[in-house]
Amino acid sequence: MANSRVIRFGLRNCYYAPIVDKISIYYAKPVPLTGAMSISLTPAYSALPANSGNVPVILSANNSGYNGSLTIADVPECFKKDVLGMTCCNGGLTSKCNDNIRPFALMFETNGNVCHTRYILYNCNVRPLSIDFSSNTNAVQYIKNTLELSVYPIRGDVSNLRYCIYTAIDDTPATHTDYVNWLSLLPIEPQMKKELKK
């Protein structure tokens, strides 16, 4: 009998794609997110409990997304500009109180003993970067950047993505085409599509 136990490990092939149209839900072209080290998400689950015949029951439940963190070795400058809204000023990247932090899709891949899986998180939001450094001790300390990450359902008018939170695509014979072409599954801004075809 084949081993059906699935073990997930590793994080690689991370990309991000800013949402450029929040109503029709179009994305910019996916960009590699280099240096991604780990991601951890827990459901933002809400339920309406009640008692029926002295037995607790759930009248309704709502999966409103996920909250967690994304750890990156060094946040790329393109991500700081495209997503965090930072701008070039005084010879460097500057964070302002009116920075426009943009929602984005996050794509990544995990390995597995049975098959690899690629994920698309459709509507992600992050908070501004924390600033956390300390003096060196006897040993060199490696500084990592941890982004607070929230993933929400899509609320736009695109019928095939409406209410979607994420998609997980296993590399199986039945889904291999979608697995290979996962970066093209996002609806790209029409003008961007024209430029990509040139």
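Structure shown above.
Now for a description of the structure that goes with this document. Computed from a predicted structure; not experimentally measured. (Residues numbered from 1 in each chain as written. Predicted model: local features only at pLDDT ≥ 70, side-chain atom pairs only at ≥ 80, totals over all residues. Heavy atoms only, no water.)

Within soluble globular proteins, side chains that are nonpolar generally end up buried alongside one another. Counting 24 residues, the largest nonpolar core has Leu-33, Phe-79, Phe-104, Leu-106 and Leu-149 as the members making the most contacts within it. At the level of secondary structure, the elements contributing two or more residues to this core comprise strand E1 (8-21), strand E5 (55-72), strand E8 (104-112), strand E9 (117-126) and strand E10 (145-151). Of the residues forming this core, the biggest block, 4 residues, is contributed by E9. In this view, Phe-79 contacts Tyr-16, Leu-33, Leu-84, Phe-104 and Leu-147; residues no more than four positions away in its chain are not counted. Counting 15 residues, the second largest nonpolar core, distinct from the first, contains Tyr-27, Ile-120, Tyr-122 and Leu-161. (Core = buried A, V, L, I, M, F, W, Y, C linked by side-chain atoms within 4.5 Å. Buried < 20%, exposed > 50% of the residue type's maximum accessible area, 1.4 Å probe, protein only. Helix = DSSP H or I, 4+ residues; strand = E, 2+ residues; numbered from the N terminus. Contact = heavy atoms within 4.5 Å.)

Turning next to the pattern of salt bridges. Tallied over the entire structure, the rule returns 4 salt bridges. Salt-bridge contacts for Glu-77 lead to Lys-81; the nearest nitrogen and oxygen are separated by 3.1 Å. Placement of the pair is Glu-77 and Lys-81 together in helix H1 (residues 77-82), with a separation of 4 residues, close to one helical turn. When its relative accessible area of 44% is taken as the criterion, Glu-77 is described as partly exposed. (Salt bridge = Lys/Arg side-chain N within 4 Å of Asp/Glu carboxyl O.)

Our focus in this paragraph is the environment of Pro-18. Mapped onto the fold, Pro-18 is located in strand E1. Here Pro-18 falls in the buried class, since its relative accessible area comes to 4%. Put simply, Pro-18 and Phe-79 are 61 residues apart on the chain and 9.4 Å apart in space, counted from C-alpha to C-alpha. If we ignore the near neighbours within four places in the chain, the residues touching Pro-18 are Tyr-26, Tyr-27, Ala-28, Asp-82, Arg-102, Pro-103 and Phe-104.

To continue, consider unusual backbone geometry. Located in the positive-phi region is Ile-25, a residue other than glycine, with phi close to 60°. By the secondary structure assignment, Ile-25 is in the loop between E1 and strand E2 (26-27). You can call Ile-25 buried: its relative accessible area is 3%. Of note in the backbone geometry, Tyr-163 takes a positive phi value of approximately 75° without being a glycine. Its location among the elements puts Tyr-163 in the loop between E10 and strand E11 (166-170).

Successive side chains on a regular strand alternate, one facing one side of the sheet and the next facing the other. Among the 10 residues in E9, 9 count as buried, and that is most of the element. When E8 meets E9, the two strands line up antiparallel, connected through 6 bridges. Following the sheet pairing, Phe-108 is matched in E9 by Tyr-119. Examined bridge by bridge, E9 and E11 share 5 bridges and lie antiparallel to one another. Directly across from Ile-120, in E11, lies its bridge partner Thr-167. Here E9 runs beside E10; their pairing, made up of 3 bridges, is antiparallel. (Pairing = 2+ DSSP bridges.)

Here the structure, examined in full by the defined rule, presents 6 aromatic pairs. Between the aromatic rings of Tyr-15 and Trp-182, the centroid separation amounts to 6.1 Å while the plane-to-plane angle is 90°, which identifies the pairing as edge-to-face. Separated by 167 residues along the polypeptide, Tyr-15 in strand E1 and Trp-182 in the loop between helix H2 (176-180) and helix H3 (190-197) bring together distant segments of the chain. Judged by relative accessible area, which is 4%, Trp-182 ranks as buried. Between Phe-108 and Tyr-119 the ring centres are 5.1 Å apart and the planes differ by 20°, which places this aromatic pair in the stacked class. Remark: Tyr-119 occurs in strand E9 and Phe-108 occurs in strand E8; sequence separation between them is 11 residues. (Phe/Tyr/Trp six-rings, centres within 6.5 Å; stacked < 30°, edge-to-face > 60°.)

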